[in-house]
Amino acid sequence: MFGGLGCALYILATIPLFPRLGAVLSVELMIAGQMLASFLLDTFGLLGGDRQTGEPRDGTGAIGGVGGVFAIVRGQSAQGMLSRWSLTLLALAAGAVLPVQGAINAQLRHD
């Protein structure tokens, strides 16, 4: 069930994101969300996964990706800034859903 909801959120998020933020920034935000969620799932062993202590560069890469995206959004026109931030958070959430969905599916397969 969650897999269907995760995919639906990912696809539906593109409807407001692409025309307002552009395809490149929207996809980058979704990838940054995937990186951040994957890092958190692996580092803390969330959703039944094994804890994997990575190297500091793993966290730096995830944080750098998200930080770079926020810098791009902030540097864009100040017009509609609240809307851009909310769209940015939507894109990050849509990207983060995919690794969470994978972890849940793996847990269901294990059970």
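Conventions and cut-offs
Residues numbered from 1 in each chain as written. Predicted model: local features only at pLDDT ≥ 70, side-chain atom pairs only at ≥ 80, totals over all residues. Heavy atoms only, no water. Core = buried A, V, L, I, M, F, W, Y, C linked by side-chain atoms within 4.5 Å. Buried < 20%, exposed > 50% of the residue type's maximum accessible area, 1.4 Å probe, protein only. Helix = DSSP H or I, 4+ residues; strand = E, 2+ residues; numbered from the N terminus. pLDDT = per-residue confidence, 0-100. Contact = heavy atoms within 4.5 Å. Expected span 1.5 Å × (residues − 1). Arc of directions from axis to C-beta.

S.K.: Would you take a moment to explain the nonpolar core for this structure?
M.R.: For soluble globular proteins, nonpolar side chains are generally found buried alongside one another. Among the nonpolar cores identified, the biggest contains 13 residues, and Leu17, Leu21, Leu29 and Met30 are the most heavily contacted of them. When residues of this core are traced back to their parent elements, those giving at least two are α1 (2-21), α2 (23-44), α3 (56-75) and α4 (81-110).

S.K.: What is the right way to read the confidence of the model for the protein from this model?
M.R.: For any part of a model where pLDDT is low, the fine detail of the predicted coordinates should not be relied upon. Put simply, the protein has an average pLDDT of 76, and 76% of its residues get 70 or more. Within the protein, α3 has the poorest average pLDDT of any element, 71, and α2 the best, 82.

S.K.: How should I be thinking about the side chain of serine 26 in this particular structure?
M.R.: Here serine 26 is to be found in helix α2. If near-sequence neighbours (up to four positions away) are discounted, serine 26 is found in contact with Leu17, Phe18, Leu21 and Ala91.

S.K.: Even after reading the chapter, I still don't get α2, so can you show me in this structure?
M.R.: Structural remark: α-helix, 3.6 residues per turn; residues separated by three or four positions point the same way. Compared with the 32 Å implied by 1.5 Å per residue over 22 residues, the 32 Å span of α2 between its first and last C-alpha is a close match. Among all positions of α2, only Leu25, Ser26, Leu29, Met30, Ala32, Gly33, Ala37 and Leu41 are buried. The buried side chains of α2 occupy one side of the element, clustering within an arc of 160 degrees when seen end-on. Just beyond α2, the residue with positive phi is glycine 45, at close to 60 degrees.

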